[in-house]
Amino acid sequence: MAKIKLEYIWLDGYEPTQNLRSKTKVEEHENFKGTLEELGNWSFDGSSTKQAEGGSSDCLLVPVSIYPDPTRINGYLVMSEVMYADGVPHPSNGRATIDDDNDDFWFGFEQEYFIMDTKTLLPLGFPVGGYPAPQGMYYCSVGGKNTHGRKLVEEHADLCIAAGLNFEGINQEVACGQWEFQLFAKGAKKAGDEIWIARYLLDRLTEKYGYYIEYHPKPLGDTDWNGSGMHANFSNEVLRTCGDQATYERICEAFRPVTAEHIAVYGAYNDLRLTGKHETASIHDFSFGISDRGASIRIPLITVQKGWKGWLEDRRPASNGDPYKIAARIIKTVKSAL
């Protein structure tokens, strides 16, 4: 028998932005294989996470995916959904709203973020009381003058790959101290699970560096510094195979009348980022275009070159958005056009 450390991870009930919570259950197992079937439900005090009242505070944690924990011996990361005691999904449970049981929808998320210093409360590379050189030389840079935080970023990439996530890349972003990682998954629920596990690994990793991660979409306020997004690349069987420009345009047009519904779940304070500047569309408009990074939805050039077979990129989601809720809304809109 071996002692197995199971880190149950869930999203709390805070608004407008939910937070990751986790706690460890140690169980004895013989020949543990790391499967969902070997796991049981657990519970937590929902009154401490804004998910229940003190008089009836137990909420259920129902495991939905499991990954090896590369930082622990016999450790596993258990992504969990929050349910009421009767098994009904809690209102904070965005995963339960995804209509993609056959995994027809594929998602690739581009997660941008700032690495912040806990002492200065500023992004890495920012001097106290001032600003570093204007943005321009930070994007995909190399060297100590313009690149800040690479050690943490590289370690995070290694942890994600060791955990079995479909981690696809990293790069420094346009602003000083800003980075991005990319994840892809076949199935909207899996894509959301992997983004949240990757965020968890990143947040936990900062504890030993004296950093923290800022997911706010415009942490530097109304300045000439880029904000952070989480571009959502998506496709289904139709987009991957139709070979028809008219079908692509019909699907894009389906997003126009529900612009407000999308913005409502694309992350808090996104109005500060979606200004029409810094490679964003205005939050008040909707547009789409081929290879247009200033549009709400970009039709990738490679999709057109392959005969209108590929994917679309919604560039509006903010860096602090919930990938479950984002995917659920995109799926609903795409299905409305078919």
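Everything in this summary refers to the structure shown in the same document. Small disclaimer: the values here were computed from a predicted structure and weren't measured. (Residues numbered from 1 in each chain as written. Predicted model: local features only at pLDDT ≥ 70, side-chain atom pairs only at ≥ 80, totals over all residues. Heavy atoms only, no water.)

### Side note on the pattern of salt bridges
Here is the rule: Definition used for salt bridges: Asp or Glu carboxyl oxygen within 4 Å of a side-chain nitrogen of Lys or Arg. We count a stretch as a helix when DSSP gives it H or I for four or more residues in a row; a strand needs E for two or more, and each element gets its number in order from the N terminus. The buried label goes to any residue with under 20% of its type's maximum accessible area, the exposed label to any with over 50%, and the partly exposed label to all in between, with areas taken from a 1.4 Å probe on protein chains only.
Enumeration over the complete set of coordinates arrives at 16 salt bridges. Where Glu 7 meets Arg 72, a salt bridge forms, and the shortest distance between an N and an O atom there is 2.8 Å. With Glu 7 in strand 1 (residues 2-11) and Arg 72 in the loop between strand 4 (58-68) and strand 5 (75-83), the pair connects residues that are 65 residues apart, well separated along the chain. Here Arg 72 falls in the partly exposed class, since its relative accessible area comes to 27%. Several salt bridges converge on common partners, so that one network encompasses Asp 104, Glu 237 and Arg 240.

### Quick look at unusual backbone geometry
Along the chain, Glu 15 connects to Pro 16 via a cis peptide bond; the corresponding omega equals 5°. You can see Pro 16 is positioned in the loop between strand 1 and strand 2 (20-29). Even without being a glycine, Asn 31 presents a positive backbone phi close to 60°. Following the sequence through the fold, Asn 31 ends up in the loop between strand 2 and strand 3 (42-45).

### Side note on the state of the cysteines
Our working rule: Disulfide: a pair of cysteine sulfur atoms within 2.5 Å of each other.
All chains considered together, the criterion is met by 0 disulfides. Looking at the unpaired Cys 140, the closest cysteine sulfur is the one in Cys 176, lying at 14 Å.

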